[in-house]
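Examining the three-dimensional arrangement
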Amino acid sequence: MLKQFLNLKLSQKLSPQQIQLMKLIQLPTQAFEQRLLEEMNENPALEAGQEDEYEADEFANEDYDDYDDAESDRIEAEDINIDEYLSDDDTPDYKTQVNNYGDEEERETPFASPISFHQDLINQLNTFILNDEEREIAEFLVGSIDDMGYIRRSIPDIVDDMAFTQGIYTDEAMVEKMLHVIHELEPSGVGARDLQECLLLQLKHKTPTEYVDLAIDIIENQFDAFTKKHYDKLLQKYSVSNEQLKKAIHEIERLNPKPGGSFTGNNKVTENVVPDFAIRIVDGELELTLNGRNAPSLHVSKDYQEMMQTYKDSRDKSTAQKDAVQFIKQKLDSAKWFIDAIRQRQETLFVTMNAIMHYQEEFFLDGDETKLKPMILKDIADMVGLDISTISRVANSKYVETPYGTKLIKEFFSEAMKNDQGEDVSTLEIKKILKNTIEEEDKKKPLPDDQLAEILKEKGYPIARRTIAKYREQLDIPVARMRKKI
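Bear in mind the structure is a predicted one, so any value in this text is a computation, not a measurement. (Residues numbered from 1 in each chain as written. Predicted model: local features only at pLDDT ≥ 70, side-chain atom pairs only at ≥ 80, totals over all residues. Heavy atoms only, no water.)

This part covers the packing of aromatic side chains. Counted under the stated rule, the structure contains 5 aromatic pairs. Seen in terms of ring centroids, W337 and F338 are 6.2 Å apart; in terms of plane orientation they differ by 55 degrees. Their pairing is tilted. W337 gets classed as buried once you look at its relative accessible area, which sits at 15%. Classification of F338 by relative accessible area gives buried; the value is 0%. Ring centres 5.3 Å apart and planes at 65 degrees place the aromatic pair F363 and F364 in the edge-to-face group. For the pair F363 and F364, one class covers both residues: buried. By the ring-pair criterion, three or more aromatic residues cluster together here, those being F363, F364, Y404 and F412. Lying over the aromatic face of F32, R345 brings its terminal NZ or CZ to 4.0 Å of the ring centre. Above the ring of Y359, the side-chain terminus of K373 is found at 4.6 Å from the ring centroid. (Phe/Tyr/Trp six-rings, centres within 6.5 Å; stacked < 30°, edge-to-face > 60°. Buried < 20%, exposed > 50% of the residue type's maximum accessible area, 1.4 Å probe, protein only. Lys NZ or Arg CZ within 6 Å of the ring centre and 35° of its normal.)

Written as structure tokens, this is what we have:
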């Protein structure tokens, strides 16, 4: 049975210009410069540099809307949440990788053409004497190695896969034989099926010593006790001194659990972060500046303006001339809009960071992280009168240079918790105190989460044990058992 319903829905549509403004706001410095170059290449009516004074006076009040009935869109970014307008396809690169870096000329370094991790392994295989069947299997095994250097598949699965996908029919014994060849390649440990095998391969490539032999025995026969740091059990099992076990453990700790990750060809070139803002302390007061690369000098082309004026003064307005002037008007409007959008972007960035700076004034004056106040996006949005989504786009991708280092702005935001005095304190402050407490603990008897909770409670922060565990994981700090040292 079909039914009809009448629903009323109030929605606010954004113009393409408003959406483009939001995209400009979320771009960090380097990405913004790239976007600026693209716009200038696409629009010949947009020119860089200061406009001559007489040109500015002559065309300051020019209204290009006299030439058609189209209405220009006014950019209003306030109180608009545009998340639904920006699809995943429009997500800028900085969301998935660090691309806030310096000028190309700053980054130009002569590098040799990099070779991939897998190609390097294939090149090493060429030094072995193998028949055609062996080489095909060995190369298939190399192709099965992940970026961390592991083959995370069973030999029977590999045998079946070669038969179905490559038409290579072999048996498990031959694959096992070729796997031993792979294990001879560098970096040592490559081709392992799991961490235990990876560590064993590396230890067996070392020059035999008393401690290397003990380390091999531990990994081969007492791997579970080692990973759980049951050192008392190992001391009893091998009847060795604390010093002997410590040296054997040291041999293991020097190994690389991710041999593929150490390959130079896998590493991305480290980019230099370009701060979008700078905060200085001048005569005891905070001073904020916006990176000048975010404020380029642009103006509308004089030639295009003169072409428009020529058409306006012309008596003969043919169809061809109308088409040409429509194109000129489009480019002039686009140039004017882009210049205005950049100005609004500058204002949005500055007022947002200025509000953050004053909100966290105590921290910026002395750099003590425990003085960071609880701060959420809404706090800043209310201060500057912008939408929360706009504040998020500024904070999520921009860096600020401070006297205490260059910081990602979003790191200044945190939730609030109550201390034993009923005062709001930042979760960042609590994490800092937790981190300091763990760093100062006796590593022979590391503190479990319940004891850490008690210590923080004594310091005035009544935090539950499960919250301690959550913050510890966020700080990438392992549990007490894994922090234990001999």
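This part is about the sheet that holds strand β3 (residues 285–290). In spatial order, the strands read β3-β2-β5-β6; together these 4 strands make up an open sheet with mixed pairing. Pairing within the sheet leaves two strands with one partner each, and these edge strands are β3 and β6 (405–408). Averaged over all adjacent pairs, the angle separating strand axes in this sheet is 25 degrees, with direction ignored. Here 2 bridges tie strand β2 (residues 277–282) to strand β5 (residues 399–402), and the two strands are oriented parallel to one another. The residue of β5 that forms the bridge with F277 is V400. (Pairing = 2+ DSSP bridges. Helix = DSSP H or I, 4+ residues; strand = E, 2+ residues; numbered from the N terminus. Axes fitted to C-alpha atoms, helices over the stretch in contact; angles between N-to-C directions.)

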